[in-house]
Amino acid sequence: MGTERPEGTNRAGESPEAGALPTEAGSDTSVTEEGSELERSIGLVGGVSIGVGTMIGAGIFVFPGLAAGEAGPAAAASFAIGAVIALLVALPASELATAMPKSGGGYYYISRALGSLPGAVVGISIWLGLVFATAFYLVSFGSYAAALLAEAGIPIGGLPVVDTLALGFGLLLTALNLFGTENAAKLQNYVVGLLLTILVIFLGYGGLDALGVFGTTSTPETFMPFGLMSVFSTAALVFTSYLGFAQVATVAGDIKDPGRNLPLAMVGSVLIVAVLYVATIFVATSAFGSGRLSGFGETAIVEVARAFGGDVGALAILLGGLLATVSSANASILSTSRAVFAVSKDALLPQFASRVNLQYGTPHVALSMAGGPVLVLVGLGEVELLAEVASFLHLVMYGLICVALLAMRRDEPEWYDPEFRVPAYRLVAGVGALASFGLIAFMERESQVIGAAIMLAAAGWYKYYADDVQLRGVL
Amino acid sequence: MSENEPTPAEIMAEASFAIREPPKVLVPVEVLEGESVSASLVEFLAPAEVVLLGYHVLPEQTPTEQASMQFEDRARTAIDDIAAAFREEGREVETRVAFTHDRDATVDRVAAETDATAVLLPNPVGAVEDVVVPIRGAIDVDRLADLVATLLAGREGSVTLWGIDTGGEFDAAAAVERARETLAERGLATDRVRTEITETDSAVRAVVDRSGEFDVIVMGEGGPGLLSSLFGDPAERVAEGAVAPVLVVRD
């Protein structure tokens, strides 16, 4: 992109590596500076499956109980608000991704459009944001695994079984990724396919039931028992359910025909999960009423399934919950590793972090930087806090992606030639940025403090370690 | 190459050989896994145009760009070493290096981009004398004849056209006859071409079982089918089981 050679180095004396440039539009390769070809191997289905697979764990299998407790049936509106914000960000992210189809996603666009300080802050805090998200998915997985044990009648006594299972699985996923899992992506496609099947059957039956087709009476309830504010603060909480569409952009370098597939995968996966989330809340609150639903906690949806389908229904949804949370956790570990790579390639973190192990061919340092901190956070076990901090850090990035689009469009560099252009971009990106930052205001104080502290620490690290680094291709 | 042997260019210029178009062989090598191309195979392939593809397969969790940053120089050095061996045989070769998650997709793409006549599936081989061409389905006879005639032109050795009849509608005897005629048209001496026909249930197993009798196997892709999608292409299954390298003539 930029032709000038970067001169600045970080404290270890490293300067940014040249990136691979994509060949003409619609092609299946990128080419490095030395002329080696990089095969793009993820198609549209793979891209959607990354997006849906990352997102679907939380919205359906964790939040219905929590959200209904805070906003009543209006939690469905909270999920809809989340979807609108996610779409407002997904469109600008799609345009930037088609203009710069490179691994790194949001970090890359922000660092190129807004400079290396915002880039470094976003790059480092999105690494940690993904770590928080992964921990959140793993703790949720633990809840489902514990519920399954209870269902099977295995006594768990007073053991901290949720945390133990979450830790164990966190270790297992990290190890699997370290030592190479062939066809992991294909497996992910099947898992997502199976999940969608279970959910469509469940929601289809539940939806018909809620509308009174099967003759059972559902209790009518005040739509917004806790007021309008609760709808927005719940939207802030459940926004974690939409962290994932931008993960598609972190694999942009591996996606075939990025000009077409990236926007379709990002916007498509948001639409798919949004419909499922809103339907889930509708069905769940119709079945039980939000008060009882809230009492069931994180595995509330299992009780809903039991009400419709007896023990078989409960078991199917438990299985779905296990699959969904594992798939979300795994996709997030992979995204974390890619986020670390993108930042360390630009010498904002030590370049040691992007080493690849020749024997296994895996980025062992970056994967450890994903899996290690996750295990620490899993030990904390605070689901809502983990979810909100993850959302905080992602929302900052989403807001800045919108700002990056405004900056790019105002001052379009010669190489800027996106295949997809956002219509009415000022409006979309402007509202997207305001909504992203605005949602942060509705979070718990504790989450805001932790999120802000992480960003400050990231800025401090940049000033200390990489102040002189000049990135290639910055506006 | 000793003094009295003709160079590939001289062979091509000889009037008795009427090659329709010079064949191009794609040689994929998994360079960072220490794969190479043996000296005898280099010598055998040298009359054709050669495209050397050094590739490295990565697990899906590793971005190809990340691996290329670290391994690109090593891969380029390794592929240049192999290219040097071809250049010593008097042949210019095109080299390419690719990082991929999917070996077959990369090989197919490069084969299509370079319009290769055939793709090599490497296996160890000694001096090449006897080439076998198992014919068990539709095959591009023109491409096959260009390839075989070019490779055998400047050397000793025979080619066995082996029709394999698996009991379907495919007329193996007619296909073998057509291939024999086309080879003769290309100028390959008829006494160097043998033909035979076998009836069998499994073409792949028959070829693998007899692969020890020959030095190089030349066969067609075989196209898609139920068996192919379950077990891989017939040619790939032959290459896995056989003791000889396989040249797959592209459709």
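(A) Broad picture of the overall build of chain A. The number of helices and strands found in chain A is 16 helices and three strands. Considered along the principal axes of its C-alpha atoms, chain A spans approximately 70 × 50 × 40 Å. When the 475 residues of chain A are sorted by exposure, 59% land in the buried category. In the structure as shown, chain A presents an accessible area of about 17200 Å², 65% of it carried by carbon and sulfur atoms. Charged side chains of chain A number 20 positive and 35 negative; the gap between the two group centres comes to 5 Å.

(B) Representation of the overall build of chain B within the structure. Secondary structure summary: chain B contains nine helices and nine strands in total. Classification of the 251 residues of chain B by burial places 55% in the buried group. Expressed as a percentage of contacts within chain B between residues at least 6 apart in sequence, the contacts between residues at least 24 apart total 83%.

(C) Focus on the nonpolar core. Y242(A), F245(A), I301(A) and Y398(A) are the most contacted members of the largest nonpolar core, which totals 154 residues. Among the elements that take part in this core, helix α14 (residues 383-410) of chain A stands out by supplying 19 residues, more than any other. Ignoring anything within four residues of it in the chain, the contact list for F245(A) reads M55(A), A86(A), V89(A), A90(A), M266(A), S269(A), V270(A) and Y398(A). In this structure, A48(B), V93(B), L152(B) and V216(B) belong to the second largest nonpolar core, which totals 55 residues.

(D) Main features of the side chain of T62(B). The topology assignment puts T62(B) in the loop between β2 (49-57) and α3 (64-88). Judged by relative accessible area, which is 0%, T62(B) ranks as buried. Setting aside residues no more than four positions away along its own chain, T62(B) makes contact with R338(A), V356(A), G361(A), T362(A), P363(A), A67(B) and H101(B).

(E) The packing of helix α1 (residues 44-61) of chain A against helix α10 (residues 258-288) of chain A, seen in detail. Residue and element names in this part refer to chain A. Relative to each other, α1 and α10 sit at 30°, their axes nearing to 8 Å. Comparing the axis directions of α1 and α10 gives the class roughly parallel. Here the hand of the crossing between α1 and α10 comes out right-handed. Contacts from L44, G47, V48, G51, V52, M55, I56, G59 and I60 in α1 reach R260, N261, L264, A265, S269, V270, I272, V273, L276, Y277 and T280 in α10. Tallied by class, residues from the contact of α1 with α10 come to 13 nonpolar, six polar and one charged.

(F) Spotlight on unusual backbone geometry. Residues other than glycine seldom take positive phi values, yet D257(A) does so here, at roughly 40°. Residues other than glycine seldom take positive phi values, yet D115(B) does so here, at roughly 50°. Turning to its location among the elements, D115(B) is positioned in the loop between α4 (103-114) and β4 (118-121). Assessed through its relative accessible area of 46%, D115(B) is described here as partly exposed.

(G) Representation of the pairing of strand β8 (residues 216-220) of chain B. Residues and elements named next belong to chain B. Most of β8 sits inside the fold, with five of its five residues counted as buried. In β8, alternate side chains face the same way, and those of V216, V218 and G220 on one face and I217 and M219 on the other are all buried. With two bridges joining them, strand β5 (residues 130-135) and β8 adopt parallel strand pairing. Counterpart to V131 in the pairing with β8 is V216. Taken together, the four bridges between β8 and strand β9 (residues 246-249) define a ladder with parallel strand orientation. Bridging across to β9, V218 finds its partner in L247.

(H) The environment of V283(A), seen in detail. All names here are of chain A. Positionally, V283 belongs in helix α10. According to the relative accessible area criterion, V283 is buried, its value standing at 2%. Taking the C-alpha atoms as reference points, V283 and G399, separated by 116 residues in sequence, lie 32 Å from one another. The residues touching V283, leaving out its near neighbours within four places in the chain, are L203, G206, G207, V304 and F308.

(I) Spotlight on the interface of chain A and chain B. Contacts between the two partners involve 35 residues from chain A and, on the opposite side, 29 residues from chain B. Together, the buried faces of chain A and chain B total about 2800 Å²; carbon and sulfur atoms form 46% of this surface. It is E37(A), E39(A) and L358(A) that lose the most area in chain A upon contact with chain B, and together they represent 25% of the buried surface on that side. The salt bridge involving R96(B) is made with E37(A); its shortest N-O contact spans 2.7 Å. Where chain A packs against chain B, one counts 20 residue pairs in polar contact (both at pLDDT 80 or more). Ranked by residue count, the leading element in the side of chain A that touches chain B is helix α12 (residues 300-345) of chain A, at five residues. Looking at the side of chain A that touches chain B, its residues break down into 11 nonpolar, 15 polar and nine charged. Two strands pair when backbone bridges link them, and strand β3 (residues 37-39) of chain A and strand β3 (residues 93-100) of chain B are joined in this way by two bridges, in the parallel orientation. Each bridged residue has a counterpart across the sheet, and for L38(A) the counterpart in β3(B) is F99(B).

(J) Spotlight on the pattern of salt bridges. Residue and element names in this part refer to chain A. Scanning the model with the defined rule gives 24 salt bridges over all chains in all. With a closest N to O distance of 2.7 Å, R409 and E95 form a salt bridge. Here R409, found in helix α14, pairs with E95, found in helix α3 (residues 75-99); they are 314 residues apart in sequence, far enough to count as distant. Residue classification places R409 among the buried positions, given a relative accessible area of 13%. The partner of R306 in a salt bridge is D311, with the nearest N and O atoms 3.0 Å apart.

(K) Summary view of the confidence of the model for chain B. All names here are of chain B. For chain B, the mean per-residue pLDDT works out to 85, and 89% of the residues sit at or above 70. The spread of mean pLDDT over the elements of chain B runs between helix α1 (residues 8-13), the lowest at 55, and strand β1 (residues 24-29), the highest at 95. In the predicted assembly, ipTM is 0.84 and pTM is 0.86.

About the criteria used
- Residue numbering note: each chain is counted from 1, following its sequence as written.
- Chain letters start at A and ligand numbers start at 1, both assigned in the order the entries are written.
- Restriction of local features to residues with pLDDT of at least 70 applies here, the model being predicted, together with a cutoff of 80 or more for giving and counting side-chain atom pairs; totals for whole chains, interfaces and linings are based on all residues.
- Water and hydrogen atoms were dropped before computing side-chain values, which therefore reflect all heavy atoms in the structure.
- A run of DSSP states H or I qualifies as a helix once it reaches four residues; a run of E qualifies as a strand once it reaches two. Both are numbered from the N-terminal end.
- For every residue, the accessible area (1.4 Å probe, protein chains only) is compared with the maximum for its type, and the residue is labelled buried under 20%, exposed over 50%, or partly exposed between those bounds.
- In this description, accessible areas are obtained by the Shrake-Rupley approach with a 1.4 Å probe, and a residue is regarded as covered only by the protein chains that are shown.
- Counted as positive: Lys and Arg. Counted as negative: Asp and Glu. His and the chain ends are not counted at all.
- By convention, the charge on Lys lies at NZ, on Arg at CZ, on Asp at CG and on Glu at CD.
- Here a residue-residue contact requires only that any non-hydrogen atoms of the pair lie within 4.5 Å.
- The nonpolar core is taken to be a set of buried Ala, Val, Leu, Ile, Met, Phe, Trp, Tyr and Cys residues, with the residues joined through side-chain atoms within 4.5 Å.
- Note on geometry: axes are C-alpha line fits, over the in-contact stretch for helices, and angles between N-to-C directions span 0 to 180 degrees.
- Convention used here: angles under 35 degrees read as roughly parallel, angles over 145 as roughly antiparallel, angles from 65 to 115 as roughly perpendicular, and any remaining angle as oblique.
- Should the near helix be turned counterclockwise from the far one by less than a right angle, the crossing is left-handed, whereas a clockwise turn marks it as right-handed.
- Only Asp, Glu, Lys and Arg are considered charged in this grouping, and only Ala, Val, Leu, Ile, Met, Phe, Trp, Tyr, Cys and Pro are considered nonpolar; every other residue, Gly among them, is considered polar.
- Note: two strands are recorded as paired if DSSP finds a minimum of 2 bridges between them.
- As used here, buried area is the combined drop in accessible area, with a 1.4 Å probe, of two parts when they are placed together.
- By definition, a salt bridge exists where a carboxyl oxygen of Asp or Glu is found within 4 Å of a side-chain nitrogen of Lys or Arg.
- Between N or O atoms, a polar contact is any pair within 3.5 Å; within protein, one atom must be a potential hydrogen donor and the other a potential acceptor, and residues adjacent in sequence are included only when both atoms are from side chains.
- Per-residue confidence from the predictor is given as pLDDT, running between 0 and 100.

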